[in-house]
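A closer look at the structure
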Amino acid sequence: MPYEPPPELAGLSLSEIAALAQSRRLPPLEQWNPAHSGESHMRITADGSWLHEGSPITRPAMVRAFASLLLRDEDGQHWLVTPHERLAIAVDDAALVAIDMEVRHDPATGEAVLAFRLNTDDVVLCGPDHPLRVAGTAELPAFYLAVRHGIEARLNRSTYGQLIAHALEVSPAADQPHGLAVESRGARFPLVPAP
């Protein structure tokens, strides 16, 4: 059965986006404790490209499948995990890339909800369970979204631009006590790195 990518976020309501985010069935990595560890000979570059022994993995379905088996441990090491083994994978920056963002408002609460589409077609709703963090400097910030199992998605340039445009709409005064910030699902996220 061929893979059917999800529809564009721009044409979806909040309830449709939420259903899309929850519809992805993921393996229970937290329940697996494989006895064997090894090396995958794989690398994820800073732009989100996946390589095996230096050659690009060009099939999106393969990248999507591998991404569902990915976790990052407390030491920052990324692993591909199956019930039988865990294989180390080199990651240059973040394992995933956020490639689009849409803002919706919860009709019940009026709260903003930031929905991000990843390069694996996953949809993640930013909030307390999937926080947004900023690193780098005020001149060159880098934004990361917590996805699952310790892995993060870095916002690409256009998605970063969407986020800043939204922040300027909701709080145009950049001289606020904590600088620009956004809110999603009741949580507030500053968009300026800590000094």
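In what follows, the accompanying structure is described. Since the model is a prediction, treat every value here as computed from it, not as a measurement.

Details of the side chain of E102
When you line up the elements, E102 lands in strand β7 (residues 96–105). Here the side chain of E102 touches R104 through a polar contact of 3.1 Å, side chain to side chain.

Observations concerning the sheet that holds strand β5 (residues 78–81)
What the six strands build is an open sheet, ordered β3-β2-β1-β6-β5-β4; its pairing is mixed. Only two strands of the sheet have a single neighbouring strand rather than two, namely β3 (55–56) and β4 (70–72). Where strand β1 (residues 36–44) lies against strand β6 (residues 85–91), six bridges are found, and the strand directions are parallel. The partner of S37 across the bridge, within β6, is R86.

Comments concerning the pattern of salt bridges
For the structure on display, the rule yields eight salt bridges. With a closest N to O distance of 3.5 Å, R148 and D122 form a salt bridge. Linking R148 in strand β11 (residues 141–148) with D122 in the loop between β8 (112–118) and β9 (123–125), this pair joins segments that are 26 residues apart in sequence. With a shortest N-O distance of 3.3 Å, R188 and E183 are connected by a salt bridge. Relative accessible area serves as the criterion here: at 46%, R188 is assigned to the partly exposed category. Judged by its relative accessible area of 42%, E183 falls in the partly exposed class. When salt bridges that share partners are traced, they join R72, R133 and E152 into one network.

Structural notes on the pairing of strand β10 (residues 132–136)
A regular strand places its side chains on the two faces of the sheet in alternate fashion. In this structure, β10 lies alongside β11, joined through five bridges in antiparallel fashion. Pairing of R133 across the sheet is with Y144, part of β11. With antiparallel pairing between neighbouring strands as the criterion, β10 and β11 make up a hairpin whose turn holds four residues.

Some remarks on the sheet that holds β7
What the six strands build is an open sheet, ordered β9-β8-β7-β12-β11-β10; its pairing is mixed. Taken across any chain shown, the strands that pair with only one partner, and hence form the sheet edges, are β9 and β10. Direction aside, neighbouring strands of the sheet carry axes that sit 40° apart on average. Where β7 meets β8, seven bridges bridge the pair, whose relative direction is antiparallel. From the neighbouring strand, E102 faces β8, where its bridge partner is A115.

Procedures and definitions
The residue numbering used here restarts from 1 in each chain and proceeds along that chain's sequence as written. Totals for whole chains, interfaces and linings use every residue, but because this is a predicted model, local features are given only for residues with pLDDT of at least 70 and side-chain atom pairs only at 80 or more, for both listing and counting. Each side-chain value is worked out from all heavy atoms of the structure, with water and hydrogens disregarded. Where helices and strands are cited, they refer to DSSP runs of H or I of at least four residues and of E of at least two residues respectively, numbered from the N terminus. Identification of polar contacts relies on pairs of N or O atoms within 3.5 Å, with a donor-acceptor requirement for protein atoms, meaning one able to donate a hydrogen and the other able to accept it, and with residues adjacent in sequence counted only if both atoms are side-chain atoms. If DSSP finds at least two bridges between two strands, the strands pair. Whenever a carboxyl oxygen of Asp or Glu lies within 4 Å of a side-chain nitrogen of Lys or Arg, that contact is scored as a salt bridge. Here the term buried applies to any residue with accessible area under 20% of the maximum for its type, exposed to any over 50%, and partly exposed to those in between, with areas from a 1.4 Å probe on protein chains only. In this analysis, axes come from line fits to C-alpha atoms, helices being fitted only over the stretch in contact, and the angle between any two N-to-C directions falls in the range 0 to 180 degrees.

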